[in-house]
Amino acid sequence: MDEEEKIILLKDFDNIKAELENHEIMRDKLIKMSRDVITTSKKIIYSIHRQDENALPTHVSNIKNLYNAMLDIISEDPKLYFEGSYKMACQEYVEALAYHGFINGNFPTALDLNVSSEFYLMGLCDLGGELVRNAINAGLRENYEQVRMIWNFVDQLYYELMLFDFPNSELRKKFDGLKWDLKKLDEIMLSLKLNKNI
């Protein structure tokens, strides 16, 4: 190998090093933003459970801005799409905004949220747990119509997802979790019927 070839090789190594360093910088940014999305998602869900309408618009606006910033990073470095923290943040984002949409009567689609079908379905499966909690709170407030509405929605959601042929995957596990959420709601509805509250 002559000197010119060595110089070309070293230049290539410099480019690779710069690429890897940039990837790590973008990855760190994405992980930080993912944490912020997850935290904001919890704030949205908590505000809904506490019926704190004042805080919700700010949290919803924040999570949308954070999510769009994550998409900008992914478009710059597509390999980061498979980063675990990003995947988790997308699911939390869907869960929070789907819950917000359910409460406001404006349920979002995957297209509305600009998420992949897989992340959308995972977020919807996670939504079941928050709806169970909402139904329990509604029952305690004697808002039995709300309990019925939640039960109807989760029953329909479960039926629609049952038509999919999910392989053994994370999505399959989440779908199985939704089945248990529906079972809890069935028990709540039965209890209310036995007590002639519904």
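Residues numbered from 1 in each chain as written. Predicted model: local features only at pLDDT ≥ 70, side-chain atom pairs only at ≥ 80, totals over all residues. Heavy atoms only, no water.

Engineer: Whenever I open this one, the nonpolar core confuses me. Can you help?
Structural biologist: The tendency in soluble globular proteins is for nonpolar side chains to be buried side by side. In this structure, Ile44, Tyr67, Tyr86, Tyr93, Val115, Tyr120 and Leu161 are the most contacted members of the largest nonpolar core, which totals 56 residues. Sorting the residues of this core by element identifies helix H1 (3-49), helix H2 (56-76), helix H3 (84-104), helix H4 (110-113), helix H5 (117-140), helix H6 (144-162) and helix H7 (170-194) as the ones contributing at least two each. If sequence neighbours within four positions are ignored, tyrosine 67 has contacts with Val37, Tyr86, Cys90, Tyr93, Leu113, Asn114 and Val115. (Core = buried A, V, L, I, M, F, W, Y, C linked by side-chain atoms within 4.5 Å. Buried < 20%, exposed > 50% of the residue type's maximum accessible area, 1.4 Å probe, protein only. Helix = DSSP H or I, 4+ residues; strand = E, 2+ residues; numbered from the N terminus. Contact = heavy atoms within 4.5 Å.)

Engineer: What am I meant to see in the side chain of glutamate 92 here?
Structural biologist: When you line up the elements, glutamate 92 lands in helix H3. Look at glutamate 92: it is buried, it has no salt bridge, and the nearest opposite charge is lysine 42 at 4.3 Å. Setting aside its immediate chain neighbours within four residues, glutamate 92 contacts Ile38, Ser41 and Lys42. (Lys, Arg positive; Asp, Glu negative; His and termini not counted. Salt bridge = Lys/Arg side-chain N within 4 Å of Asp/Glu carboxyl O.)

Engineer: What's the story with the layout of surface pockets in this structure? I'm lost.
Structural biologist: Unfilled space is identified by rolling a water-sized probe across the atoms. There is about 190 Å³ of room inside the largest pocket. The set of elements that each furnish at least two residues to the lining of the largest pocket consists of H2, H3 and H4. Among the elements that line the lining of the largest pocket, the one with the most residues is H3, at five residues. Grouping the amino acids of the lining of the largest pocket by side-chain chemistry returns six nonpolar, four polar and two charged. Volume-wise, the second largest pocket comes out at about 150 Å³. Together, Ile48, His49, Gln51, Glu53, Leu56, Ile103, Asn134, Asn137, Arg141, Asn143 and Gln146 line the second largest pocket. Looking at the lining of the second largest pocket, the elements that each hand over two or more residues are H1 and H5. For the lining of the second largest pocket, a count of residues per class yields three nonpolar, six polar and two charged. (1 Å grid on protein atoms, 1.4 Å probe; cavity = no way out; pocket = protein on both sides within 12 Å on 5 of 7 lines; lining within 4 Å. Points joined across faces, edges and corners; volume = space filled by probe spheres on them. Nonpolar A, V, L, I, M, F, W, Y, C, P; charged D, E, K, R; others polar.)

Engineer: Sorry, what's going on with the state of the cysteines here?
Structural biologist: By definition, a disulfide links two cysteine residues through a covalent bond between their sulfur atoms. If you walk through the whole model with that rule in mind, you get zero disulfides. This cysteine, cysteine 90, is not joined by any disulfide, and cysteine 125 carries the nearest cysteine sulfur, 15 Å off. (Disulfide = S-S within 2.5 Å.)

By themselves, these observations are geometric and do not establish any function.
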